[in-house]
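# A structural walkthrough
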Amino acid sequence: MAIRKNRGFLHPTVQVILEYLYVIIGSGLVALAFSVFLLPNQIASGGVSGISTILYGLFHWKPSYVQWALNIPLFFAGLFFLGRQFGAKTLVGTVVIPLFVLIFEPWGAATQDPLLGAIFGGLGVGSGLGIVFRGKASTGGVDLLAQIIHKYIGMSLGTIIMFIDGTIVLTSALIFGIEQALYALIAMFITAKTIDVVQIGLGTSKMALIISDHEDELRQGILTHIYRGVTKINAFGGYTQDERPMLMVVVAQYEVTKLKQYVESVDPSAFVIVVNANEVLGEGFKR
């Protein structure tokens, strides 16, 4: 029997090297966005970087030193309380981000407009974190603290992180003023959305669910006219309990209109649901 070669997979050594590069490049981008957008505009958008921004505003302590002083003990606390589950790449991210912050410190502010600082700082931090996550690592810090608290208290991770980041933003409001805290919230929102984009893409594919009395004709037509695969799903009407097969098809965004027009031409009364498919892996899409 012939053995089919796996295509698209890197050699394990190359994969590991690539993941470390992701961590280093992502960490550098996070540090750059922090140094030239967030810190100069006193935007403390949560996490250890937010704490370092507040302490820099109060005592002029170097943010890089503060981040090292917080990140490294939290990493080893994570090892002690949670076990060896973080790996060397997370330690690299924990150590390298403050190093890049120290390197970028002389660069100064890229803008004096806090709104621009929040927008582009959020984009930069989100892009960098997304790249780090693609390297199967994290930057430690508050995330590790949240996991420790979660283990011993049982509160959800999301709630813990929201509470910690909320406390940091509230403290920044007391130190820098309410406007800076609002800019920090903008930066946090943009960061979260940017991480999603880096992780799963822009969601340019669409998934359509089709219920029709002409299911067989539609199925054949989608295969031969739209040139997309289609999956038949057994479904039942909630009121009648009658069997109503449902078709599921994933298409590129530019094919949505063509699909809808074809379905309407076959069955104008068909029930069609079209939703975003954030990431599609497989034949005809991304491998």
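Criteria and thresholds
Residues numbered from 1 in each chain as written. Predicted model: local features only at pLDDT ≥ 70, side-chain atom pairs only at ≥ 80, totals over all residues. Heavy atoms only, no water. UniProt positions renumbered as here; feature names shortened; annotations may be inferred. Helix = DSSP H or I, 4+ residues; strand = E, 2+ residues; numbered from the N terminus. Rg over C-alpha atoms; globule rule 2.2 N^0.38 Å. Buried < 20%, exposed > 50% of the residue type's maximum accessible area, 1.4 Å probe, protein only. Contact = heavy atoms within 4.5 Å. Lys, Arg positive; Asp, Glu negative; His and termini not counted. Charge placed at Lys NZ, Arg CZ, Asp CG, Glu CD. Phe/Tyr/Trp six-rings, centres within 6.5 Å; stacked < 30°, edge-to-face > 60°. Lys NZ or Arg CZ within 6 Å of the ring centre and 35° of its normal. Salt bridge = Lys/Arg side-chain N within 4 Å of Asp/Glu carboxyl O. Core = buried A, V, L, I, M, F, W, Y, C linked by side-chain atoms within 4.5 Å. Pairing = 2+ DSSP bridges. Axes fitted to C-alpha atoms, helices over the stretch in contact; angles between N-to-C directions. Parallel < 35°, antiparallel > 145°, perpendicular 65-115°, else oblique. Left-handed = near helix turned anticlockwise from the far one by under 90°. Expected span 1.5 Å × (residues − 1).

- Note on the chain: under the UniProt heading Subcellular location (unreviewed entry), the record states "Cell membrane".

### Points about the overall build of the chain
- Regarding its fold elements, the chain presents 10 helices and 4 strands.
- The C-alpha radius of gyration of the chain comes to 24 Å, more than 25% above the 19 Å expected for a compact globule of 287 residues.
- With respect to the principal axes defined by its C-alpha atoms, the chain has extents near 70 × 55 × 40 Å.
- The buried share of the chain, taken over its 287 residues, is 42%.
- Sequence-distant contacts, at least 24 apart, represent 74% of the contacts inside the chain between residues at least 6 apart.
- The centroid of the 19 positive side-chain charges in the chain is displaced by 11 Å from the centroid of its 18 negative side-chain charges.

### Concerning the packing of aromatic side chains
- Considering all chains together, one arrives at 8 aromatic pairs under this definition.
- Between F80 and F81 the ring centres are 5.0 Å apart and the planes differ by 90 degrees, which places this aromatic pair in the edge-to-face class.
- Given a relative accessible area of 68%, F80 falls into the exposed group.
- Take F81: its relative accessible area is 32%, and that puts it in the partly exposed class.
- K89 extends its terminal NZ or CZ atom over the ring of Y20, reaching a point 5.9 Å from the ring centre.

### Describing the pattern of salt bridges
- Counting across every chain of the model gives 8 salt bridges.
- Among the ionic pairs, K232 bridges to E215, the shortest N-O distance being 3.7 Å. On the criterion of sequence distance, the pair formed by K232 in strand β2 (residues 231-233) and E215 in helix α9 (residues 215-226) is long-range, its members being 17 residues apart.
- When salt bridges with common partners are traced through the structure, they connect E215, D216, R219 and K232 into a single cluster.

### A short note on the nonpolar core
- Judged by nonpolar contacts, the single largest core of 22 residues is most densely connected at L38, I43 and V125.
- Elements that contribute at least two residues to this core include exactly α1 (12-38), α4 (87-104), α5 (114-134), α7 (157-176) and α8 (178-200).
- Apart from residues lying up to four places away in sequence, I43 is in contact with F37, L38, T53, P114, G117, A118, Q180, Y183, A184 and A187.
- If you look at the next biggest cluster of nonpolar residues, it comprises 15 residues, including I226, L247, V263 and A270.

### Observations concerning the UniProt feature "transmembrane region" (unreviewed entry) in the chain
- With numbering aligned to this structure, UniProt lists the feature "transmembrane region" (unreviewed entry) at residues 20-39, 65-83, 90-109, 115-133, 153-176 and 182-202.
- For residues 20-39, the helix share is 95%, the strand share is 0%, and the end-to-end C-alpha distance is 26 Å.
- Between the C-alpha atoms that bound residues 115-133 there is a distance of 27 Å. The span itself is 100% helix and 0% strand.

### Thoughts on the sheet that holds β2
- Taken in spatial order, the 4 strands make up an open sheet running β2-β3-β1-β4, and their pairing is antiparallel. Two strands in the sheet have a free side with no partner beyond their single neighbour: β2 and β4 (271-277). With direction set aside, neighbouring strand axes in the sheet form an average angle of 25 degrees.
- Summarising the sheet, strand β1 (residues 205-211) and β4 pair through 7 bridges and their orientation is antiparallel. If you follow I211 over to β4, its bridge partner there is F271.

### A look at the UniProt feature "domain: DUF2179" (unreviewed entry) in the chain
- UniProt annotation of "domain: DUF2179" (unreviewed entry) refers to residues 228-282 when read in the numbering used here.
- Taken as a whole, residues 228-282 contains 20% helix and 31% strand, while its terminal C-alpha atoms sit 12 Å from one another.

### What to know about the packing of α7 against α8
- Running from N to C, α7 and α8 point in directions that differ by 150 degrees, and their axes come no closer than 6 Å. When the axis of α7 is compared with that of α8, the two are roughly antiparallel. As for the relative orientation of α7 and α8, their crossing is right-handed in sense. Facing D165, V169, S172, A173 and F176 of α7, the residues of α8 in contact are I178, Q180, A181, A184, L185 and M188.

### Regarding α7
- The end-to-end C-alpha distance of α7, which contains 20 residues, comes to 28 Å, matching closely the 28 Å that a straight helix rising 1.5 Å per residue would cover.
- Of the residues making up α7, those classed as buried are I160, I164, D165, I168, V169, S172, A173 and F176.
- Each element contacted by the buried residues of α7 is listed here: α2 (47-59), α6 (142-153) and α8.
- Remark: G177 follows α7 within two positions and exhibits a positive phi of approximately 110 degrees.

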